[in-house]
Amino acid sequence: MKKISFIILFFCTASVVAQQKSMNFEQYDPVSTLKVPEHIVTRAKFPFIDVHNHQWNLSEQAIPGLLTAMDKLNMAVMVNLSGGNGSRLREMTQSVRNKAPKRFIVFANIDFNGIGEAGWTANAVKQLEADVKNGANGLKIFKNLGFSVTDKGGKRVAIDDPRLDAIWGKCGELHIPVLIHTADPKPFWDPVDEHNERWLELVTHPRRKREANDPEPWEELIAEQHRMFKKHPSTTFIAAHFGWYPNDLGKLGSLLNEMPNMMIEFGAVIAELGRQPRAAKQFFEQYQNRIMFGKDSWVPDEYSTYFRVLETEDEYFPYHKKYHAFWRIYGMGLSDAVLKKIYYKNALRIIPNIDKTGFPD
Ligand SMILES: [Zn+2]
């Protein structure tokens, strides 16, 4: 494993003896000496809707435990993107109906097996209609589309493949949004060296590394997604993880301007926003109708970092994963009006059938 070495200089008080010692990047974890006000936020200021959550098990047995954790966070509604389809989805929406109908929304998923076979598209559309009838309120597309989904001839299926057009069109007709995760952070395609911001993630998770054209350059995968959004202007798309442009908000803003049917959520990228609190705050104000709260991995303790970045003006506080962000982050201190949109108003507008009672005006 490659190690980046830091040269640390220790100075003795008696005589200035510089002692050279190296340590590796993971070991270096200095305790901050900065004294500034701290506002730890373990509960969101307003009830919120997490539009990017994954629960593989949303059975009647699992729901009470989830509700306890959600109540602590002030999470009014969890959008479970892992609904699957067919009988699995039906069982899930039935458990929700029986146990906590107002607290969970379920998105369906497409089974991409057999693309290219006669009737595949028509069947996929039929399945989606049935899933929506059975209680799905959106469609989630995982990143396997673009990466590993192949047709019956073994060819990679591009995100803007015309054989999928009828699915996106149907979502528009049914007024359900499509939350789509395409590609991964750009540094995964870059050389794993001392210049790569995700170096630690790539050495601790080596399978995430991709060669320049595996399966396509990053820019091409993202371009496929955008071409598809533009081809279906009557369908609302939620680009997961700020469309992988959380570190280039100027570019992301121009994409939002170009594509009025594109929404975004900030699952797993809050540390990108927290390292540019002034630019991010300005972005949130400008695009307050286009952003929704998403987290992705279900680790209840980690939500407080999100609340702190959104709500406070705290300075120089840590993020919870060094391999995503070795830097410290800052709060944006968003206004109540913007927070309400991010926390629930935009999701109530975009995702059908969420019970509106219990959310403030
Ligand atoms: Zn996800």
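Everything here concerns the structure above.
Owing to the predicted nature of the structure, the values given are computational and were not obtained by experimental measurement.

Draft legend 1. Representation of the nonpolar core within the structure. Core analysis: the largest hydrophobic core is formed by 109 residues, its most contacted members being F242, F266 and F284. Among the elements that make up this core, the one with the highest residue count is helix α12 (residues 336–350) (eight residues). Those residues within four positions of F242 in sequence are excluded, and the remaining contacts are L249, L252, I264, E265, F266, V269, L273, F283, F284 and I291. Core analysis: the second largest hydrophobic core is formed by five residues, F25, W199, L200 and Y323 among them.

Draft legend 2. Structural detail: the sheet that holds strand β10 (residues 291–292). In spatial order, the strands read β6-β7-β8-β9-β10; together these five strands make up an open sheet with parallel pairing. Only two strands of the sheet have a single partner each, and these edge strands are β6 (139–141) and β10. In terms of strand pairing, strand β7 (residues 178–180) meets strand β8 (residues 237–239) through three bridges, oriented parallel. Counted as the bridge partner of L179 is I238 from β8.

Draft legend 3. Region of interest: the pattern of salt bridges. What the rule picks out here adds up to 22 salt bridges. Among the ionic pairs, R163 bridges to D161, the shortest N-O distance being 2.9 Å. The exposure class of R163 is partly exposed, given its relative accessible area of 28%. By relative accessible area, D161 is classed as buried at 10%. Notably, a salt bridge pairs E258 with K230, separated by 2.5 Å at the nearest N-O pair.

Draft legend 4. Fine view of empty space enclosed by the protein. Under the counting rule described, the total for this entry stands at one cavity of 30 Å³ or more. In this structure, the largest cavity occupies an estimated 30 Å³ of space. Every residue along the wall of the largest cavity is listed here: R198, A268, V269, A271, E272, Y319 and H324. Partitioning the lining of the largest cavity into residue classes produces four nonpolar, one polar and two charged.

Draft legend 5. How the structure looks around the coordination of the zinc ion. At this site the zinc ion is bound by H52 (NE2), H54 (NE2) and D296 (OD), with donor distances of 2.0 to 2.6 Å. Each donor residue of the zinc ion belongs to the same chain, and together they define the spacing H-x1-H-x241-D. Of this pair, H52 sits in strand β3 (residues 48–53) while D296 sits in the loop between β10 and α11 (303–311), and the two are 244 residues apart along the sequence.

Draft legend 6. Quick look at the pairing of strand β4 (residues 75–80). Taking burial as the measure, the six residues of β4 include six buried ones, the bulk of the element. The pairing of β3 with β4 spans four bridges and is classified as parallel. Counterpart to I49 in the pairing with β4 is V77.

Draft legend 7. Broad picture of helix α2 (residues 86–99). End to end, α2 covers 20 Å across 14 residues, agreeing with the expected 20 Å (1.5 Å per residue, within 8%). Here α2 has its buried residues at G86, L89, M92, T93, S95 and V96.

Draft legend 8. Looking closely at the layout of surface pockets. By volume, the largest pocket amounts to about 610 Å³. Around the largest pocket, the lining is made up of 30 residues, and of these K143, H181, D184, R208 and D296 lie nearest the centre. For the lining of the largest pocket, the per-class residue count stands at 11 nonpolar, seven polar and 12 charged. What the second largest pocket holds in volume is close to 370 Å³. If you go around the second largest pocket, you meet 17 residues; those closest to its centre are D29, P30, K322, F326 and R328. Counted by class, the lining of the second largest pocket contains 11 nonpolar, two polar and four charged residues.

Draft legend 9. Focus on the environment of N85. Among the secondary structure elements, N85 is positioned in the loop between β4 and α2. Between the C-alpha atom of N85 and that of E60, which follows or precedes it by 25 residues, the distance is 18 Å. Dropping the residues within four chain positions of it, N85 is found in contact with N109, I110, D111, Q127 and D131.

Draft legend 10. Representation of helix α3 (residues 120–133) within the structure. Relative to the 20 Å expected for 14 residues at 1.5 Å per residue, α3 spans 20 Å between its end C-alpha atoms, a close match to the ideal helical length. Buried within α3 are the following residues: W120, A124, V125, L128 and D131. End-on view of α3: buried residues confined to an arc of 130°, all on one side of the axis. When the buried face of α3 is taken as reference, the exposed residues oriented beyond 90 degrees from it are K126 and K133. Phi for G135, located one or two positions after α3, is positive at around 115°.

Draft legend 11. How the structure looks around unusual backbone geometry. Of the consecutive residues D214 and P215, the connecting peptide bond is found in the cis state with omega at -10°. Along the chain, P215 falls in the loop between α6 (199–204) and α7 (218–231). The phi angle at A268 is positive, at roughly 65°, despite the residue not being glycine. Tracing the sequence through the fold places A268 in the loop between β9 (262–265) and α9 (270–274). A positive phi is found at N353, a non-glycine position, where the angle reads about 65°. Secondary-structure assignment places N353 in the segment after α12.

The rules behind the values
- Residues numbered from 1 in each chain as written.
- Predicted model: local features only at pLDDT ≥ 70, side-chain atom pairs only at ≥ 80, totals over all residues.
- Heavy atoms only, no water.
- Core = buried A, V, L, I, M, F, W, Y, C linked by side-chain atoms within 4.5 Å.
- Buried < 20%, exposed > 50% of the residue type's maximum accessible area, 1.4 Å probe, protein only.
- Helix = DSSP H or I, 4+ residues; strand = E, 2+ residues; numbered from the N terminus.
- Contact = heavy atoms within 4.5 Å.
- Pairing = 2+ DSSP bridges.
- Salt bridge = Lys/Arg side-chain N within 4 Å of Asp/Glu carboxyl O.
- 1 Å grid on protein atoms, 1.4 Å probe; cavity = no way out; pocket = protein on both sides within 12 Å on 5 of 7 lines; lining within 4 Å.
- Points joined across faces, edges and corners; volume = space filled by probe spheres on them.
- Nonpolar A, V, L, I, M, F, W, Y, C, P; charged D, E, K, R; others polar.
- Donors = N, O, S within 2.8 Å, 3.2 Å for Na, K, Ca; no water.
- Expected span 1.5 Å × (residues − 1).
- Arc of directions from axis to C-beta.

Function cannot be inferred from these measures alone, as they are strictly geometric.
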